Amino acid sequence: MKSAAQSWKSPLGIVAVAIALTVAAIVTGLGATVERLVEPARFAMLRHDASGQLLVVEMDAESAAAIKRWPWPREYYASAVDHLLQEGAKSIVFDVDFSSSSTPGGDAAFARSLARSSGLVALPTFAQRTRTGELRSIDTLPLPLFRRNAALASVSIAPDDDGTVRQAPFGTITAGTPRPSLSAFIAGRSGQADSFFPIDYSIRPESIPRLSFVTVSDGHFDPALVRGRAVLIGATAIEMGDRYATPGWGVIPGVIVQALAAETLIEGTPVSGSWEVSIAVAAMLGLVLARARSAIGLAVATTAFLLLFCAIVVGFQAFTQCSYPIAPGILLILFTAATRAPRMIIERFRTQRLVDEQTGLPNRPAMLEAYQADQRHYVAIAGIHNLGSVAAVMGPSVTAEFVLRIADRLRLAANDGSVFRIGDNLLAFTLGTHDDVEDVLLGLRAVLLHPLEAGNRKIDASITVGVALVGAAGIEVALTNALLAAEKAYAQGRFWMEDDTDLEDLAQSISLMGELDAALSGGEVYVHYQPKMSLSDDSIISVEALVRWTHPQRGNIRPDIFIPLAEQTGRITPLTLYVLEQTMQDLAIWRAAGHDLTAAVNISARLVAIPSFNQSVHAMLDRNIVPATALVFEVTESAPLANPEAAIKALQYFRARGVGISMDDYGTGQSTLSYLRTLPLTELKIDRSFVENAHRSRADAAMVRSTVELAHELGIKVVAEGIEDVGCLEFLRSVRCDVAQGYLISRPIPARDIASLLSAPIHIPAAA
Ligand code: G
Ligand code: G
Ligand code: MN
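A quick note: this is a predicted structure, and the numbers were derived from the prediction, not measured.

## Some points on the packing of aromatic side chains
In the structure shown here, the tally under the stated rule is 19 aromatic pairs. Ring centres of Trp70 and Trp72 lie 5.9 Å apart, and the angle between their planes is 80°; on these two criteria the pair is classed as edge-to-face. A residue is classified by how much of its surface remains accessible, and Trp72, at 3% relative accessible area, is buried. An aromatic cluster of three or more residues is present, and its members are Trp70, Trp72, Tyr77, Phe94, Phe98, Phe110, Phe146 and Phe213. A cation sits over an aromatic face here: Arg747 above Tyr743, 4.4 Å from the ring centre.

Laid out in structure tokens, this is it:
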């Protein structure tokens, strides 16, 4: 079934279908009908003059008017034969019935002139239909008196079923006697009796020289017209003799049909080519045609190939006398086009179904189709919040342009992957698992900061992005999760957020935590450091240790994914101890090189209240790799609240040994500053969600300013995190913030990069 469907789509399959249809059309007679339809045009293309070897003597209206009686006295025929032979006619053939006698005098005169003709005159025999309908079972012969000195030629004409005469016989056999046809006799051609040849109607009947009978019987004609020519005598007057329908020339006298048949044989013996060859030639064109990609291409190619095929057949005939049927080729080419067309309509429909009408971007079904099988990546959805107002003010075409310009920028972020329009104001793209999602989104945010150009205007795009991992649940679920994350980001005033609904799914599907132990000892887990810069002299006074995990299959796993997991599965202790140990080792090296530096380590909320963890930390501090005063513990706001008593006690103990205590992510929890007074804090880190926009947003500015003031009153240092631009840094200086941390100063980097950063002065770009 499948292979049949497949072959039906291939060019070979299409042509095979077309050939079958063509053969069926030929068998059912449609081929013949088409052949007859194109016949006149075909003859018209090959139109040419007669050879000039044949002269027709017309028994025309003029002659009838002159002779006045009917039938004509045979003395006239006698006289005509005498005059023609006297002027050197090559032969004379009558298409006139001499089977019954007229006047004895007339018959005798005609017989005498035949006797003088030395056999150059041929008289006709007529085929008679018997009552059963059989052709030529009886011949009507000229009178024996005439027969004696004349040759005989049959003049039967057999129209096709549509009444049109297309072919003539080479000869006939009547009661065992073979006779040449009149045309074969004139042309001096022999051929198989009872076989037919096609009459060449491309010969112009007017180009056959003619004389009126009466001028011939009177002897008043130009002898030059007669000399050396075969002469055919027959009736052209409408009231005498038969008239036949012909392709291209209308209804013409039988004698002219005979003349054209004779001229055909004078030019050569025509051959009819087989339809199989026509089909074979057309099939080659069909193979090309079946590859047409567009509807217009198909239409143009079909027309071109029809003309080409006709040109091949007609051209071949012009040079070789061999005429191949045209209908099989025409039918095959048309059938090929007709077989190809529905597939193209289906394909057209398919692409339409997969494309967003307004912008031409691939749409949601296209995305589902493209990522059906593929599970190793993130999807990102960008929600355009001001699309409605852009559409209302600018109209649909500018809106489309606006969307396309946003898609261009998303494409940059997505490494030139496809961008899909999965909803009116939703664009989606994918990221590989080895992409650093945060990195990509930072880049994206940077490119989106510049206004977009649409409809010759600059328009700002208001966008938030949600990211979700495509897991075993598939792309559709991931899209829903990403959309939820984008909405969450919008509600929280963030540029982007990652969906976290698949944490459990993640843990189960790869038993990530089972791999963490091995990862810790195997070097997959390591530490990067992000500098903290003093705002009083722009020197690096500290670094924050941030753990990293590069999984051999999944790529970089973000700490906000595996740290909560590690907490839930009791692995946070070894992880934190590992980070602390590593940090102390690195710090010792930097300090030995003369840098008076501290380092901060993030301590998970739950850990501080756990005695075994605290014991391990104290044991590590006892080893004195670096003095305790060189360390800072960053604890999140919610930690002391979880088990206040135990937590406060533990922190006080560390503080007593000299370790700095920093309140991380300040502002995101519920605690007030006065409550925080009960904690032994040395430092407050204002969460980056407030810092980010502090120089742009009045509310954030007020929050940061008041926090700095209150912290200073409590004797606590303030660190602002998440600084990404110079304006933000300038604002923090203006409110007397102590320390700054953020991508503007440095991203989290490997230990050896910290070393080189410390030995060179840090360069902050100047404000614009
Ligand atoms: O860099 P960033 O993505 O690196 O960190 C994400 C979150 O993970 C931050 O909130 C940070 O505090 C936390 N984090 C980074 N390293 C550690 C660590 O060693 N222990 C704990 N508990 N949290 C960490
Ligand atoms: O929660 P914690 O304070 O430990 O925060 C550390 C996190 O903040 C890390 O994930 C780190 O990569 C990230 N971070 C540090 N500086 C910036 C910054 O300038 N911009 C953003 N977006 N994230 C930052
Ligand atoms: Mn921190």
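What follows continues from the structure just given.
## Remarks on the coordination of the manganese ion (ligand 3)
Within the protein, the atoms that donate to the manganese ion (ligand 3) are Glu544 (OE), Asn602 (OD1), Glu634 (OE) and Asp664 (OD), at distances of 2.1 to 2.4 Å. Around the manganese ion (ligand 3), the six donor atoms sit at angles spanning 57 to 171°, and that spread fits a shape best called irregular. In primary-sequence terms, the residues that donate to the manganese ion (ligand 3) follow E-x57-N-x31-E-x29-D. Here Glu634 lies in strand β27 (residues 631-636) and Asn602 lies in strand β26 (residues 598-603), a separation of 32 residues in the sequence. What makes Asn602 partly exposed here is its relative accessible area of 27%. On the accessibility criterion, Glu634 (1% relative accessible area) is buried.

## Looking at the nonpolar core
Among the nonpolar cores identified, the biggest contains 83 residues, and Trp590, Phe633, Val704, Ile723 and Leu732 are the most heavily contacted of them. In terms of residue count, helix α22 (residues 572-592) provides more of this core than any other element does, eight residues in total. Ignoring sequence-local partners within four residues, the contact set of Val704 consists of Ile686, Phe690, Ala694, Phe731, Leu732 and Val735. If you look at the next biggest cluster of nonpolar residues, it comprises 35 residues, including Trp72, Ala89, Phe94 and Val121.

## Focus: the site of ligand 2
Taken together, the neighbourhood of ligand 2 is formed by 14 residues, with Asp664, Arg688, Glu721, Glu724 and Tyr743 sitting nearest. Glu544 is positioned such that a nitrogen or oxygen atom in its side chain is 2.8 Å from an oxygen atom of ligand 2. At 3.3 Å, a side-chain N or O of Asn602 approaches an oxygen atom of ligand 2. Out of a free accessible area of 510 Å², ligand 2 has 85% covered by protein chains. Split by residue class, the shell around ligand 2 holds three nonpolar, four polar and seven charged.

## A short note on the pattern of salt bridges
Counted according to the given criterion, the structure contains 34 salt bridges. Ionic pairing is found between Glu87 and Arg227, a salt bridge with its closest N-O pair at 3.5 Å. A residue pair is termed long-range when its members are at least 10 positions apart, and Glu87 in the loop between α5 (74-86) and β2 (91-95) and Arg227 in the loop between α9 (213-218) and β11 (230-235) qualify at 140 residues. Its salt-bridge partner being Lys458, residue Glu453 comes within 3.1 Å of it at the nearest N-O pair. When its relative accessible area of 63% is taken as the criterion, Lys458 is described as exposed. One network of salt bridges, with partners in common, ties together Arg36, Glu39, Asp160, Asp161, Asp162 and Arg166.

What counts, and at which threshold
- Residues numbered from 1 in each chain as written.
- Chains lettered and ligands numbered in written order.
- Predicted model: local features only at pLDDT ≥ 70, side-chain atom pairs only at ≥ 80, totals over all residues.
- Heavy atoms only, no water.
- Phe/Tyr/Trp six-rings, centres within 6.5 Å; stacked < 30°, edge-to-face > 60°.
- Buried < 20%, exposed > 50% of the residue type's maximum accessible area, 1.4 Å probe, protein only.
- Lys NZ or Arg CZ within 6 Å of the ring centre and 35° of its normal.
- Donors = N, O, S within 2.8 Å, 3.2 Å for Na, K, Ca; no water.
- Tetrahedral: all angles 85-135°; square planar, octahedral: opposite > 155°, others 65-115°.
- Helix = DSSP H or I, 4+ residues; strand = E, 2+ residues; numbered from the N terminus.
- Core = buried A, V, L, I, M, F, W, Y, C linked by side-chain atoms within 4.5 Å.
- Contact = heavy atoms within 4.5 Å.
- Near = heavy atom within 4 Å.
- Polar contact = N/O pair within 3.5 Å; in protein donor to acceptor, adjacent residues only side chain to side chain.
- Areas by Shrake-Rupley, 256 points an atom, 1.4 Å probe, with all protein chains shown as cover.
- Nonpolar A, V, L, I, M, F, W, Y, C, P; charged D, E, K, R; others polar.
- Salt bridge = Lys/Arg side-chain N within 4 Å of Asp/Glu carboxyl O.

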